[in-house]
Amino acid sequence: MSEQWITSSTSHLVRNPRTFGSHPTDYGYLWWLMPLDDRQSDGWDSDIITASGAKGQWLFVIPKYDLVVAVTSGGTTFNGYIDPVNVLYADILPALTNR
């Protein structure tokens, strides 16, 4: 894929169509865009680029930290399961910023 397509597909095309947990989420071309610190951002270098799939499959791409987090699950909902978005914000991101 070209760099131009990545930049276009991770642009904020629809603002705040939903939230994941309590975290604001924008939408690009097939990507959810979440801010690193719960404030809206305007560039993909400061975003969490997210894909959400069936049965608890998640992909979080965090260019600022050169990090990809893949989550797999057999569950159909998050009822009774750990919510990967909250784990990302509560555990993974703080571990990266508290080096």
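All residue numbers refer to positions counted from 1 along the written sequence of the respective chain. In keeping with the predicted nature of the model, local features appear solely for residues at pLDDT of at least 70, side-chain atom pairs appear and are counted solely at 80 or more, and the whole-chain, interface and lining totals rest on all residues. As a rule here, side-chain values cover all heavy atoms of the structure and leave hydrogens and water aside.

Colleague: Describe in detail the packing of aromatic side chains, supporting the description with residues and values.
Modeller: Two aromatic rings from Phe, Tyr or Trp, using only the six-membered ring of Trp, form a pair when their centres are within 6.5 Å; if the ring planes differ by under 30 degrees the pair is stacked, by over 60 it is edge-to-face, and anything between is tilted. Going through the model one piece at a time under the given rule, you end up with five aromatic pairs. Each ring, one from Trp5 and one from Tyr29, has its centre 5.4 Å from the other, and the planes form 5°; the classification is stacked. Placement of the pair is Trp5 in helix α1 (residues 3-9) and Tyr29 in the loop between β2 (23-27) and β3 (32-35), with a sequence separation of 24 residues. Throughout, exposure labels follow a simple rule: accessible area from a 1.4 Å probe, protein chains only, divided by the maximum for the residue type, with under 20% read as buried, over 50% as exposed, and the rest as partly exposed. On the basis of relative accessible area, Tyr29 is assigned to the partly exposed category, the value being 40%. Aromatic side chains Phe20 and Trp32 sit 5.3 Å apart centroid to centroid with 85° between the ring planes, which places their arrangement in the edge-to-face category. Secondary structure elements are defined from DSSP: runs of H or I of at least 4 residues count as helices, runs of E of at least 2 residues count as strands, and each element is numbered from the N terminus.

Colleague: Can you explain the side chain of Thr25? Please cite residues and give values.
Modeller: The residue Thr25 is located in strand β2 in this model. Reaching out from Thr25, the side chain makes a polar contact with the backbone oxygen of His23 at a distance of 3.2 Å. Note on contacts: a residue pair is in contact if any heavy atoms of the two residues lie within 4.5 Å. Apart from residues lying up to four places away in sequence, Thr25 is in contact with Asn16, Pro17, Arg18, Thr19, Phe20, Trp32, Leu33 and Met34. By the criterion applied in these results, polar contacts are pairs of N or O atoms within 3.5 Å in which, for protein atoms, one can donate a hydrogen and the other can accept it, and in which residues neighboring in sequence qualify only through two side-chain atoms.

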